Amino acid sequence: MPRTRAQRRRRSALLVVAALVTLLVVIFVHDVSRAAHESTGPRRSENRSFAQMADRLITQENLLDQRLAYLLGHGARLSRPVFAARLDQVAQQLPGLLRDAALLHRPVLAHHVQRDAVTLLKTWVASESVVIGVARSSLSLPGQTASPPALGPAQSSLTSAVAAWDYARYSLVREPGRELLVSAQSALAHLDLRATLANLANAPGLTLVRGVGISAVSVSPSPLPAPVGEILLPPASTIQLGVSVTNHAYCIQPVTISVSFTSPGGLTQRQVTHVNLGPDASFAFDPNPLRTSPTEHASLVVSLSGAPAAKGASLSRTYRVVLAPSGQG
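Residues numbered from 1 in each chain as written. Predicted model: local features only at pLDDT ≥ 70, side-chain atom pairs only at ≥ 80, totals over all residues. Heavy atoms only, no water.

1. Looking at the overall build of the protein chain
The helix and strand inventory of the protein chain stands at 5 helices and 9 strands. Walking the protein chain from its N terminus toward its C terminus, one meets helices and strands in the order α-α-α-α-α-β-β-β-β-β-β-β-β-β. By element, 57% of the accessible surface of the protein chain is carried by carbon and sulfur atoms, the whole surface being about 18,200 Å². (Helix = DSSP H or I, 4+ residues; strand = E, 2+ residues; numbered from the N terminus. Areas by Shrake-Rupley, 256 points an atom, 1.4 Å probe, with all protein chains shown as cover.)

2. Observations regarding the pairing of strand S8 (residues 297–305)
Working note: regular strand, side chains alternate between the two faces of the sheet. What you see with S8 is a clean split: Ala-298, Leu-300, Val-302 and Leu-304 sit on the buried side and His-297, Ser-299, Val-301, Ser-303 and Ser-305 on the side with no burial. Inspection of the sheet shows strand S4 (residues 253–262) paired to S8 by 7 bridges, in the antiparallel sense. Directly across from Ile-257, in S8, lies its bridge partner Leu-304. Pairing analysis gives 7 bridges linking S8 to strand S9 (residues 316–323), with the strands arranged antiparallel. For Ala-298, the partnering residue across the bridge sits in S9 and is Val-321. (Buried < 20%, exposed > 50% of the residue type's maximum accessible area, 1.4 Å probe, protein only. Pairing = 2+ DSSP bridges.)

3. As for helix H3 (residues 113–139)
Relative to the 39 Å expected for 27 residues at 1.5 Å per residue, H3 spans 39 Å between its end C-alpha atoms, a close match to the ideal helical length. Positive phi appears at Ser-140, one or two residues downstream of H3, with a value of about 55°. (Expected span 1.5 Å × (residues − 1).)

4. What to know about the sheet that holds S8
Sheet architecture is open: 5 strands sit in the order S2-S9-S8-S4-S5, paired in mixed fashion. Because the sheet does not close on itself, it has two edges, and the strands there are strand S2 (230–233) and strand S5 (268–277). Here the strands of the sheet are splayed against their neighbours by 20° on average, with no regard to which way each runs. (Axes fitted to C-alpha atoms, helices over the stretch in contact; angles between N-to-C directions.)

5. Structural notes on helix H2 (residues 80–102)
Compared with the 33 Å implied by 1.5 Å per residue over 23 residues, the 35 Å span of H2 between its first and last C-alpha is a close match. The set of residues buried in H2 consists of Arg-80, Phe-83, Ala-84, Leu-87, Val-90, Ala-91, Leu-94, Gly-96, Leu-97 and Ala-101.

6. Let's talk about the packing of H3 against helix H4 (residues 151–168)
Look at H3 against H4: their axes get within 9 Å of each other, and the N-to-C directions meet at 155°. As far as their axial angle goes, H4 and H3 are roughly antiparallel. Crossing angle aside, the handedness with which H3 passes H4 is left-handed. Residues Val-113, Asp-116, Ala-117, Leu-120, Thr-123, Trp-124, Ser-127, Val-130, Val-131 and Val-134 of H3 lie in contact with H4, whose contacting residues are Leu-151, Ala-154, Ser-157, Leu-158, Ala-161, Val-162, Trp-165 and Ala-168. Classifying every residue of the contact of H3 with H4 by side-chain character gives 14 nonpolar, 3 polar and 1 charged. (Parallel < 35°, antiparallel > 145°, perpendicular 65-115°, else oblique. Left-handed = near helix turned anticlockwise from the far one by under 90°. Contact = heavy atoms within 4.5 Å. Nonpolar A, V, L, I, M, F, W, Y, C, P; charged D, E, K, R; others polar.)

7. Some words on the packing of H2 against H3
Two measures define how a pair of helices packs: the angle their axes make with one another and the distance between the axes. Taken N-terminus to C-terminus, the directions of H2 and H3 make an angle of 160°; their axes are 10 Å apart at the nearest point. Relative to H3, H2 is oriented roughly antiparallel. Between H2 and H3 lies a crossing whose hand is left-handed. Residues Arg-80, Phe-83, Leu-87, Asp-88, Val-90, Ala-91, Leu-94, Leu-97, Leu-98 and Ala-101 of H2 touch H3, and the partners they reach there are Val-118, Leu-121, Lys-122, Val-125, Glu-128, Ser-129, Ile-132, Ala-135, Arg-136 and Leu-139.

8. Here we look at the confidence of the model for the protein chain
Here the protein chain averages 88 in pLDDT, while 87% of its residues score no lower than 70. Mean pLDDT values over the elements of the protein chain span from 74, in helix H1 (residues 5–74), up to 97, in S4. Within the model, pLDDT remains below 50 along residues 29–38, and this stretch shows 0 contacts once partners closer than five positions in the same chain are excluded. (pLDDT = per-residue confidence, 0-100.)

9. Quick word on the nonpolar core
Formed by 54 residues in total, the largest nonpolar core has its most connected members in Phe-50, Leu-72, Phe-83 and Trp-165. Those elements giving two or more residues to this core turn out to be H1, H2, H3, H4 and helix H5 (193–201). The leading source of residues in this core is H3, at 13 residues. Excluding anything up to four places from it in sequence, Phe-50 contacts Leu-104, Leu-109, Val-113, Gln-114, Ala-117, Leu-172 and Leu-181. Val-212, Leu-233, Leu-277 and Leu-290 belong to the second largest nonpolar core, which has 25 residues in total. (Core = buried A, V, L, I, M, F, W, Y, C linked by side-chain atoms within 4.5 Å.)

10. Remarks on the side chain of Glu-296
For Glu-296, the location among the structural elements is in the loop between strand S7 (290–291) and S8. It turns out Glu-296 is buried and unbridged, and the closest side chain with the opposite charge, Arg-291, is 9.1 Å from it. Aside from chain neighbours lying at most four places away, what touches Glu-296 is Phe-261, Ser-263, Pro-264, Arg-291, Val-321, Val-322 and Leu-323. (Lys, Arg positive; Asp, Glu negative; His and termini not counted. Salt bridge = Lys/Arg side-chain N within 4 Å of Asp/Glu carboxyl O.)

11. A word on the environment of Gly-177
In this structure, Gly-177 sits in the loop between H4 and H5. With a relative accessible area of 19%, Gly-177 lands in the buried category. It is 4.8 Å that separates the C-alpha atoms of Gly-177 and Arg-44, two residues lying 133 residues apart in sequence. Setting aside residues no more than four positions away along its own chain, Gly-177 makes contact with Arg-44 and Arg-48.

12. Notes on unusual backbone geometry
Cis peptide bonds are those with omega within 30 degrees of zero, and the linkage from Arg-106 to Pro-107 qualifies with 0°. Tracing the backbone through its elements, the reader meets Pro-107 in the loop between H2 and H3. With an omega of 10°, the peptide bond running from Ser-220 to Pro-221 counts as cis. Tracing the backbone through its elements, the reader meets Pro-221 in the loop between strand S1 (212–220) and S2.

Set out below in structure tokens:
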């Protein structure tokens, strides 16, 4: 049956509509493909930038962890000042690592891998800080201001963080850029820290041997020639002392310095000061002027307490102070 003119027009219209729909679908697919391609580029760049920085920080932490573990395991042959200096070198790098780790928070990446990296680095730094604090405390090294937390929880947290990162570092393998992040290698997580620190505490070179002593006593006005143990002074209404004391150990040492000046009548002038001596450091004490009178014969005692006397040093010095009569000198 021949088609009518209306049927032919309807068929032509349907063909035109079908062609338009096909064209629109092709254009849509092309636009989607192009948009997907364009969005992959920035993501690839973000993933690669993150990977470069995260790999650098984790590699740095791997080396720092290894360095600290080696120091703890082999530090028994070092002296106290050398061991403390190397421990401080490690501690001084930790704040910088935390600052750099904070930069990894943005942008947000696939599987929130940036959060896992920050958690790893923060846990690592916190655990190392605890280990350093416990080492300082157990050896009475300078720089320890408060009791550090327990070793057990810190080491357990580090072990868990390293294990979690071993899984999270594959997060970008199937993402644009296909980045496999560097692994975390922590010797501290597997070190027997209690036995290691006990070994350090018993090492001869690291054992604390406290010792202080009076280094010098000066007098003004300048004394005249006199026998040992006697200070002969020209007539003066006051005399000024200077006392130097020394800490012969590598530790912070609290001491008390006392000066007593007793006249024949029994009047005693006494001055006391308390000070923390730094490691292998000296301190000069200038008490207030002592009141005197011509021809006076008095007793002067300078004493130091707070620690045993160092080898060859003394904790007390006693002098007989004689003032010449007026007109002599």
